[in-house]
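Coordinate analysis (summary)
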Amino acid sequence: MNTFAKTLVSAAVIATAMTATTATVQAADKVLLKTPIAFGSHLPALGTPIKWVSEQLPLMSDGSIKMKIYEPGKLVGAKEILGAVSSGKVNSGYATAGYWQGKIPAAALFSAVPFGPEAGEYMAWLYYGNGLKLYQEMYDSNGYNVHVIPCAIISPETSGWFKKEINTPEDLKGLNMRFFGLGASVMEKLGVSTSQLPGGEIFGALEKGAIDATEFSQPAIDQRLGLHKIAKYNYFPGWHQQATIFELLINGDTWKGMSPGQQAIVDNTCKASVTNAIAEGEAMQFDVMAKAKENGVNIRYWNDTMLKTFEEKWNEVVAEKTAEDPFFKKVWDDLSTFRKGYDLWEANAFLPRAKNN
């Protein structure tokens, strides 16, 4: 074989090897996020945000990142998501940090805070205060191998669905009620026995009398569960959840294996989802509330005595939890400092709310 022929053969071999290597690298660069979710993807503003993210990621990344979502309980249970992502059983998951408060008390502060910030203020603290830094520190310091990204937020929930009228704190005593997060601790101080049933079990429990009352989410979401068919008194405002954050957890090793560009795409798609989620939630509540009134639901606004009582008991809960857990105190102090500064803006910038009918 002459020198020219040998050169061509060598070049062909090298080109083939380079092509194979490039294909291997490209294949290795692709990421499939297998994502169990805590809320059904049919639930508006609660489960729909992560479905939207799963549709956007392959478009934004030209196929470099894909996400396959698994409905609640299909792969792992909702309350098992954190552990499953950390261990690598799955490489991502979508939930709300309040589900982990039994293991990490401060987690509840990154989910929903009674008498806490509305969505705009919450986002300001997360993105431009110390919120995100503390959020990641919480998981790191507790030994979880996860990277956390806020991936949706909704504005106020309803305060609860009751089968009877509630006018005084005494009217709550003895009730069995489904309640979420830090608000449950407040209700327990008022003589309510609380449980945190998943959404799919609430209607049956309410219908059979296993619980007397419940809260779950916003009117448009509660309507999907049929709560208005059994409990005819729907109370506002949602003092326990003025805003609720939902998180995308990615296994730490998976996150480190992604390129900076891929990480940026996931980060910014989730940030876009935060915007999308709150817009979706805000757009759909009033029609549902109007129809509920037409169908016999009594929409009530808590009287001043009730709101004052809820806040007093919340202050007791905060005092207890900050004394019990140093990291809870660290997060609470930082959030409180931010909110005190924000008060100057909030007190002067906004028009009064419309009066409730």
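Our subject is the structure that appears above.
Not measured: the values here are computed from a predicted model. (Residues numbered from 1 in each chain as written. Predicted model: local features only at pLDDT ≥ 70, side-chain atom pairs only at ≥ 80, totals over all residues. Heavy atoms only, no water.)

A few words now on the pattern of salt bridges. Tallied over the entire structure, the rule returns nine salt bridges. A salt bridge links Asp-333 to Lys-329, with the nearest nitrogen and oxygen atoms 2.7 Å apart. Pair noted here: Asp-333 and Lys-329 are both in helix H12 (residues 326-349), with a separation of four residues, about one helical turn. Under the relative-accessibility criterion, Asp-333 is labelled partly exposed at 33%. Residue Lys-329 is classed as partly exposed on the basis of its relative accessible area, which comes to 39%. (Salt bridge = Lys/Arg side-chain N within 4 Å of Asp/Glu carboxyl O. Helix = DSSP H or I, 4+ residues; strand = E, 2+ residues; numbered from the N terminus. Buried < 20%, exposed > 50% of the residue type's maximum accessible area, 1.4 Å probe, protein only.)

In spatial order, the strands read E3-E10-E4; together these three strands make up an open sheet with antiparallel pairing. Each edge of the open sheet carries a strand with a single partner, namely strand E3 (92-95) and strand E4 (146-154). The sheet shows a mean angle of 20° between the axes of neighbouring strands, taken without regard to direction. Taken together, the four bridges between E3 and strand E10 (residues 244-251) define a ladder with antiparallel strand orientation. Each residue of the ladder has a partner; that of Ala-95, found in E10, is Glu-247. Sheet strands in contact with helix H4 (residues 119-128) are E4 and E10, and its direction is about 160° off that of E4. Of the strands in this sheet, E4 and E10 are in contact with helix H10 (residues 260-294), which crosses E4 at around 20°. (Pairing = 2+ DSSP bridges. Axes fitted to C-alpha atoms, helices over the stretch in contact; angles between N-to-C directions. Contact = heavy atoms within 4.5 Å.)

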